[in-house]
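Structure assessment
Spelled out from the first residue to the last, the chains are:
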Amino acid sequence: MKTLGEIVQLVGGVLEGDAKCKISGFAGIDDAKAGDLTFVESKKYRKFLNSTSASAVIIPLNVKPPSSLNVIFHRSPSEAFAAAVEALSPVEAIHRSGIHPKAEIEDGAVIGKNVCIDAYAVVRSGAKIGNGTILYPFVYIGGKAVIGNNCLLYPNITVHERCVIGDKVIIHSGTVIGSDGFGYSTKHGKHLKIPQRGTVEIGNDVEIGSNVTIDRARIGKTIIGQGTKIDNLVMIAHNVIIGEDSIIVAQTGISGSTELGRNVTVAGQAGFAGHIKIGDGSIIGARSGVLKSLPPKSIVSGFPAMNHRKELNLLAYYRKLPEVLKRLNDLEKAEKEKNKD
Amino acid sequence: MKTLGEIVQLVGGVLEGDAKCKISGFAGIDDAKAGDLTFVESKKYRKFLNSTSASAVIIPLNVKPPSSLNVIFHRSPSEAFAAAVEALSPVEAIHRSGIHPKAEIEDGAVIGKNVCIDAYAVVRSGAKIGNGTILYPFVYIGGKAVIGNNCLLYPNITVHERCVIGDKVIIHSGTVIGSDGFGYSTKHGKHLKIPQRGTVEIGNDVEIGSNVTIDRARIGKTIIGQGTKIDNLVMIAHNVIIGEDSIIVAQTGISGSTELGRNVTVAGQAGFAGHIKIGDGSIIGARSGVLKSLPPKSIVSGFPAMNHRKELNLLAYYRKLPEVLKRLNDLEKAEKEKNKD
Amino acid sequence: MKTLGEIVQLVGGVLEGDAKCKISGFAGIDDAKAGDLTFVESKKYRKFLNSTSASAVIIPLNVKPPSSLNVIFHRSPSEAFAAAVEALSPVEAIHRSGIHPKAEIEDGAVIGKNVCIDAYAVVRSGAKIGNGTILYPFVYIGGKAVIGNNCLLYPNITVHERCVIGDKVIIHSGTVIGSDGFGYSTKHGKHLKIPQRGTVEIGNDVEIGSNVTIDRARIGKTIIGQGTKIDNLVMIAHNVIIGEDSIIVAQTGISGSTELGRNVTVAGQAGFAGHIKIGDGSIIGARSGVLKSLPPKSIVSGFPAMNHRKELNLLAYYRKLPEVLKRLNDLEKAEKEKNKD
């Protein structure tokens with residue numbers, strides 16, 4: 001438990017209200033109760049300022065709060081709130097440490113210092129596990145795979161042989177790194193498997209959600225750039241290259257050999273054709289289907305994806321189709337009338 | 001093996017045919033053979049009534065069967081058939097019982113009576129497993145997680161720490177409950193992880209398919225209401241709330257903080273934007289993309305989702321576009337002709 | 001290391017260049033370096049012929065290469081390249097052999113010769129594992145399931161009881177075979193589970209990607225025909241039947257009881273309604289939503305899916321909508337002018 005005064009010292013901002021007010025918990029503004037700190041950032045949630053039971057709210061600089069409420073004005077309420085949660089509710093040590101007697105580590109695996117290799121984790125010969133890295137139960141690390149320092153691999157993850165993962169990478173449960181690319185050569189209607197001999201390389205500070213699949217390259221590497229964050233159930237095909245600090249939201253699929261630049265944002269359930277290049281800083285709308293390469297800073301949506309403004313414009317016209325037909329009918333009627341004359 | 005007479009006594013309905021006819025198996029109407037009981041409900045399958053080799057068919061009250069066929073008239077053929085299958089083909093005891101010597105149960109876990117904790121299942125300290133609950137191999141139950149009574153968790157499931165699961169919940173293989181929500185705060189193009197400290201709470205009688213992902217709340221809870229059924233490969237983001245008795249079909253994605261009411265039906269491959277509310281009893285068509293809140297009993301489809309009738313109407317107009325262009329050309333030509341005069 | 005002359009003898013084709021040139025590696029044309037063999041097939045990549053650092057390139061018969069480059073003319077450069085990779089970079093023996101002491105094989109399981117049952121794999125009583133088959137760690141084989149000869153099952157796979165898998169089948173990590181179909185009978189708003197008593201049957205030479213889900217039939221069988229290849233994160237519902245030698249690309253979903261013929265190609269993120277039939281040799285475009293049965297050799301796209309040419313045509317008209325409105329306005333203005341006169 002901390003006072004509001006102490007919290008402001010931790011997270012910055014300007015307090016308006018009772019510095020001695022005690023904060024014992026955290027919650028979203030719509031279900032916060034007395035004792036809780038909360039925050040408001042998007043306009044959508046500002047209406048709750050008048051009804052919240054929270055003991056204090058972090059708000060943007062330009063918002064006028066009800067006079068009765070303890071508030072912290074902050075340039076970035078969301079960030080300040082995250083910092084307060086981080087500082088005041090330290091997570092109990094949920095990760096285990098050490099090598100569990102039921103871990104299966106083959107001879108010839110190289111294990112760093114201060115690791116956790118949990119019960120029923122398997123590390124194959126020739127694999128390297130960096131210092132401070134944690135492997136939960138049912139994690140499989142294939143032969144000659146390299147996992148960097150301070151990584152966190154949750155249960156039921158498969159990392160196939162020769163894949164390379166950087167430092168401070170977090171991978172959530174059920175994710176598969178380095179399964180074979182989907183490649184066949186078809187002869188007389190039969191599909192012959194093309195050997196998939198490449199690997200996957202994942203940069204530092206990448207986070208990958210649950211049940212994601214990232215296929216190994218046919219030859220060469222499938223690459224996930226440093227700092228990129230990937231949500232659940234995303235499919236990344238063989239030989240895809242994703243630049244640094246990109247964001248790929250859930251259930252998106254990226255076809256083989258396509259390249260995304262740096263700082264690209266892909267909203268949920270989008271899809272990309274193969275062998276195209278998406279320029280740095282582009283934004284791809286939810287459920288877009290991108291079929292062609294895009295220059296840097298493109299903002300697209302729809303299927304086939306096009307400039308987002310153009311797509312909204314076409315959608316507006318689309319909704320006018322009944323009106324268009326009516327006006328066309330009227331003109332034709334007028335035309336007929338005239339011909340009668 | 002039972003006679004038709006015995007089956008009618010079990011499932012109700014009115015028999016027309018040979019009560020002594022012996023039933024030895026069950027099949028769909030298009031591949032049933034002599035000795036099988038089958039059923040017909042949808043109109044699509046009624047054509048098979050004349051050609052089926054089944055020994056008997058359960059049919060709706062208003063259907064006229066071929067005179068040669070043994071039939072049971074029933075208000076709900078599908079239900080009656082399910083009851084017959086349930087009663088006559090008791091599943092062999094496929095679930096194991098007891099605590100397997102190779103299960104890994106940490107000190108401080110609380111285990112109910114008559115459970116099965118199978119080989120290579122892991123239960124962390126502080127977790128509770130209710131009476132009669134079955135954990136298959138490679139199930140991971142995190143610290144302080146609570147699993148209710150009579151639950152069934154198939155292989156390769158991860159339930160993260162502090163998540164709470166009700167009674168009689170069935171979870172299929174590969175599903176992940178309580179992975180981190182996808183939340184970052186972006187500063188100078190770098191994405192900083194926002195701590196995800198909340199949990200997931202799943203009501204009684206919920207069933208969750210294979211390879212589903214349900215993320216924990218940032219703060220507070222992601223909630224799946226009692227009686228709700230979720231199909232395979234569905235993505236449920238942090239802080240989502242789903243009401244009671246809803247149906248979410250495969251590969252649907254629900255973005256953060258969105259709320260679905262009770263008895264909502266979502267068809268396959270649909271998507272929902274974040275921070276919206278879907279009213280009770282709404283029906284969302286397959287592949288819809290829902291971007292706005294919807295009042296109760298809405299029926300929507302398309303992307304962006306709109307009233308289903310309106311969408312069908314617009315689609316009909318869309319298909320007329322070639323004709324619209326032709327008519328426009330004709331009018332313009334007539335106009336030009338006139339101007340010539 | 002082999003010479004170009006030796007490679008041509010292995011893969012066929014006609015060499016133009018230095019037969020003694022030594023090849024030490026393989027790469028895509030855009031990142032090949034000295035010593036590498038590469039290939040070009042699609043037009044998209046031909047531009048790299050002038051700039052590649054590769055020591056040799058396999059090219060189609062009708063392509064004119066820069067005179068300075070060692071080339072092998074070949075009817076199918078992609079196939080020739082795959083054959084060269086296969087022959088010259090033999091994979092180290094990454095699969096283990098034998099039964100690991102930490103495998104859990106119940107009494108009454110029938111295990112073939114020359115198998116690998118790896119650490120922490122579980123094989124239930126009554127299951128059969130064919131000769132030469134490899135089960136990686138955390139593979140679960142349910143009671144009475146049958147796995148054929150020379151299959152390869154990667155980590156974290158669940159094969160439920162009574163499912164039958166043919167010979168030479170490859171299944172990638174995280175995939176679930178035989179989870180319950182999604183079937184409920186709804187009464188007064190409550191969803192009662194319909195027992196799912198059928199199985200899954202998978203033919204010879206099938207390959208299934210990572211985190212795929214294939215549900216068991218309600219009664220009867222869900223069937224994947226011989227030679228069919230399924231990409232990652234695909235959902236195949238109960239009682240679906242897929243013919244021989246079909247291709248299903250990633251994140252596609254096929255609803256219950258739908259049948260696909262032989263040699264059907266389904267591009268990524270497509271969806272199929274239930275209870276429909278898709279004729280042999282059909283091609284379904286990416287992100288299509290197929291709602292109706294299709295005759296053999298159909299080529300469709302869009303949602304609802306229609307003839308692909310027709311869909312492209314409608315899309316072209318759609319993009320003309322702003323122009324249509326403008327022309328309509330002009331006509332109306334002309335009409336008004338006239339009425340003034």
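You'll find the structure just up there.
Residues numbered from 1 in each chain as written. Chains lettered and ligands numbered in written order. Predicted model: local features only at pLDDT ≥ 70, side-chain atom pairs only at ≥ 80, totals over all residues. Heavy atoms only, no water.

1. Regarding the overall build of chain A
In terms of helices and strands, chain A carries four helices and 40 strands. Its C-alpha radius of gyration of 27 Å places chain A more than 25% over the 20 Å reference for a compact globule of 341 residues. Considering only C-alpha atoms, chain A reaches an extent of 100 × 80 × 30 Å along its principal axes. Relative to its 341 residues, chain A shows a buried fraction of 60%. Considering only residue pairs separated by 6 or more positions, chain A has 17% of its internal contacts joining residues 24 or more positions apart. For chain A, the accessible surface area stands at approximately 13,600 Å², while carbon and sulfur atoms represent 53% of it. For chain A, the separation between the mean place of its 41 positive charges and that of its 33 negative charges on side chains is 5 Å. (Helix = DSSP H or I, 4+ residues; strand = E, 2+ residues; numbered from the N terminus. Rg over C-alpha atoms; globule rule 2.2 N^0.38 Å. Buried < 20%, exposed > 50% of the residue type's maximum accessible area, 1.4 Å probe, protein only. Contact = heavy atoms within 4.5 Å. Areas by Shrake-Rupley, 256 points an atom, 1.4 Å probe, with all protein chains shown as cover. Lys, Arg positive; Asp, Glu negative; His and termini not counted. Charge placed at Lys NZ, Arg CZ, Asp CG, Glu CD.)

2. Considering the relation of the copies chain C and chain B
Superposition of the two copies of the chain requires a rotation about an axis and a shift along the axis. Screw-axis analysis of chain C against chain B gives a translation of 0.0 Å along the axis, an RMSD of 0.2 Å, and a rotation angle of 120 degrees. With respect to symmetry, the two chain copies, as superposed, fit the operation of a three-fold axis. (Least-squares fit on C-alpha atoms with pLDDT ≥ 70 in both.)

3. Comments concerning the packing of helix H4 (residues 321-340) of chain A against helix H4 (residues 321-340) of chain B
In contact at an axis separation of 11 Å, H4(A) and H4(B) are set at 35 degrees when each is read in the N-to-C sense. As H4(A) runs across H4(B), the sense of the crossing is left-handed. Residues A:Leu321, A:Val324, A:Leu325, A:Leu328, A:Asn329, A:Leu331, A:Glu332, A:Glu335 and A:Asn339 of H4(A) form the contact with H4(B), whose own contacting residues are B:Leu321, B:Val324, B:Arg327, B:Leu328, B:Leu331, B:Ala334 and B:Lys338. Here the contact of H4(A) with H4(B) is built from residues that sort into 10 nonpolar, two polar and four charged. (Axes fitted to C-alpha atoms, helices over the stretch in contact; angles between N-to-C directions. Left-handed = near helix turned anticlockwise from the far one by under 90°. Nonpolar A, V, L, I, M, F, W, Y, C, P; charged D, E, K, R; others polar.)

4. Brief notes about the side chain of C:Asn70
Residue and element names in this part refer to chain C. Along the chain, Asn 70 turns up in the loop between strand S6 (56-59) and strand S7 (71-73). Asn 70 sits in the buried class, given a relative accessible area of 15%. In this structure the side chain of Asn 70 is engaged in a polar contact, spanning 3.0 Å, whose partner is the backbone oxygen of Ser 55. Beyond its immediate sequence surroundings of up to four residues, Asn 70 is in contact with Leu 4, Glu 16, Gly 17, Asp 18, Cys 21, Ser 55, Ala 56 and Val 57. (Polar contact = N/O pair within 3.5 Å; in protein donor to acceptor, adjacent residues only side chain to side chain.)

5. A short note on the interface of chain A and chain B
Taken together, the contacts link 64 residues of chain A with 70 residues of chain B. Interface area, chain A with chain B, both sides summed: about 5,400 Å², of which 56% is carbon and sulfur. Scanning the region where chain A abuts chain B turns up eight salt bridges. In this structure, B:Lys187 and A:Glu79 form a salt bridge, with 2.9 Å as the shortest nitrogen-oxygen distance. When contributions to the side of chain A that touches chain B are tallied by element, the ones reaching two or more residues are helix H2 (77-88), strand S28 (229-230), strand S31 (247-248), helix H3 (308-319) and H4 of chain A. Tallying contributions element by element places H4(A) first for the side of chain A that touches chain B, with 10 residues. Residues belonging to the side of chain A that touches chain B are distributed by class as follows: 32 nonpolar, 17 polar and 15 charged. (Buried area = accessible area lost by both parts, 1.4 Å probe. Salt bridge = Lys/Arg side-chain N within 4 Å of Asp/Glu carboxyl O.)

6. Focus: the nonpolar core
Ranked by size, the top nonpolar core spans 189 residues in total, and within it A:Ile141, B:Ile141 and C:Ile141 carry the most contacts. Sequence-distant contacts of C:Ile141, that is, excluding residues within four places in its chain, are made with C:Val122, C:Val123, C:Arg124, C:Ala127, C:Ile129, C:Leu135, C:Ile147, C:Leu153 and C:Val159. Listed in part, the 30 residues of the second largest apolar core include A:Leu314, A:Leu328, B:Tyr317 and C:Leu325. (Core = buried A, V, L, I, M, F, W, Y, C linked by side-chain atoms within 4.5 Å.)

7. Details of the pairing of strand S6 (residues 56-59) of chain B
All names here are of chain B. Both faces of S6 are covered, namely the face carrying Ala 56 and Ile 58 and the face carrying Val 57 and Ile 59. One ladder, built from three bridges, connects strand S5 (residues 36-39) with S6; its direction is parallel. Looking across to S6, one finds that Thr 38 is bridged to Val 57. Relative to strand S7 (residues 71-73), S6 runs parallel, the two being bridged by three bridges. Bridge pairing in S7 places Val 57 opposite Val 71. (Pairing = 2+ DSSP bridges.)

8. Description of the pattern of salt bridges
In the structure shown here, the tally under the stated rule is 54 salt bridges over all chains. Salt-bridge contacts for A:Arg124 lead to A:Glu106; the nearest nitrogen and oxygen are separated by 2.7 Å. Residue A:Arg124 is found in the loop between strand S12 (122-123) and strand S13 (128-129), and its partner A:Glu106 is found in the loop between strand S9 (104-105) and strand S10 (110-111); the two are separated by 18 residues along the sequence. Assigned by exposure class, A:Arg124 and A:Glu106 land together as buried. Of the charged contacts, one joins C:Glu106 and B:Arg96 as a salt bridge, the two residues approaching to 2.6 Å between their closest N and O atoms. With one member in each of two chains, C:Glu106 in the loop between strand S9 (104-105) and strand S10 (110-111) and B:Arg96 in the loop between helix H2 (77-88) and strand S8 (98-99) form a pair that bridges those chains. For B:Arg96, a relative accessible area of 26% translates into the label partly exposed. Among the charged side chains, a salt-bridge network with shared partners connects A:Arg96, A:Asp118, B:Glu106 and B:Arg124.

9. Focus: the interface of chain C and chain B
At the interface, 70 residues of chain C touch 65 residues of chain B. When chain C packs against chain B, the two sides together hide about 5,400 Å² of surface, and 57% of this comes from carbon and sulfur. In this assembly, chain C and chain B are joined by eight salt bridges. At the junction of chain C and chain B, the tally comes to 34 residue pairs in polar contact (both at pLDDT 80 or more).

10. Considerations on unusual backbone geometry
Residues and elements named next belong to chain A. Note the cis peptide between Phe 303 and Pro 304, where omega equals 0 degrees. Note that Pro 304 resides in the loop between strand S39 (299-301) and strand S40 (306-307). Of note in the backbone geometry, Arg 162 takes a positive phi value of approximately 70 degrees without being a glycine. With respect to the helices and strands, the residue Arg 162 is situated in the loop between strand S18 (158-159) and strand S19 (164-165).

11. As for the packing of aromatic side chains
Inspection of every chain in the model, using the stated rule, returns 30 aromatic pairs over all chains. Consider the rings of A:Tyr318 and C:Tyr318, whose centres lie 6.0 Å apart with planes at 85 degrees: the pair is edge-to-face. Taken together, the residues A:Tyr318 in helix H3 and C:Tyr318 in helix H3 (residues 308-319) connect one chain to another. The burial state of A:Tyr318 is the same as that of C:Tyr318; both residues are buried. (Phe/Tyr/Trp six-rings, centres within 6.5 Å; stacked < 30°, edge-to-face > 60°.)

12. Focus: the environment of A:Ala103
Secondary-structure assignment places A:Ala103 in the loop between strand S8 (98-99) and S9. Spatially, the C-alpha atoms of A:Ala103 and A:Val139 are 9.8 Å apart, while their sequence positions differ by 36 residues.

13. A closer look at helix H2 (residues 77-88) of chain C
The terminal C-alpha atoms of H2(C), which comprises 12 residues, lie 16 Å apart, in line with the 16 Å expected from a rise of 1.5 Å per residue. Listing the buried residues of H2(C) in full gives C:Pro77, C:Ser78, C:Ala80, C:Phe81, C:Ala82, C:Ala84 and C:Val85. (Expected span 1.5 Å × (residues − 1).)

14. Here's the deal with H3(C)
For H3(C), with 12 residues, the first-to-last C-alpha span of 17 Å sits near the 16 Å given by 1.5 Å per residue. For H3(C), the full list of buried residues reads C:Glu311, C:Leu314, C:Leu315, C:Tyr317 and C:Tyr318. Projected onto a plane normal to the axis of H3(C), the buried residues spread over an arc of 160 degrees and lie on a single side. On its buried side, H3(C) packs onto H3 of chain A, helix H3 (308-319) and H4 of chain B together with strand S39 (299-301), strand S40 (306-307) and helix H4 (321-340) of chain C. Sitting at the head of H3(C), C:Asn307 places a side-chain oxygen 2.9 Å from the backbone nitrogen of C:Arg309. (Arc of directions from axis to C-beta.)

15. Remarks on the side chain of A:Arg197
Within the secondary structure, A:Arg197 is located in the loop between strand S23 (190-193) and strand S24 (199-202). For A:Arg197, a relative accessible area of 15% corresponds to the buried category.

Function cannot be inferred from these measures alone, as they are strictly geometric.
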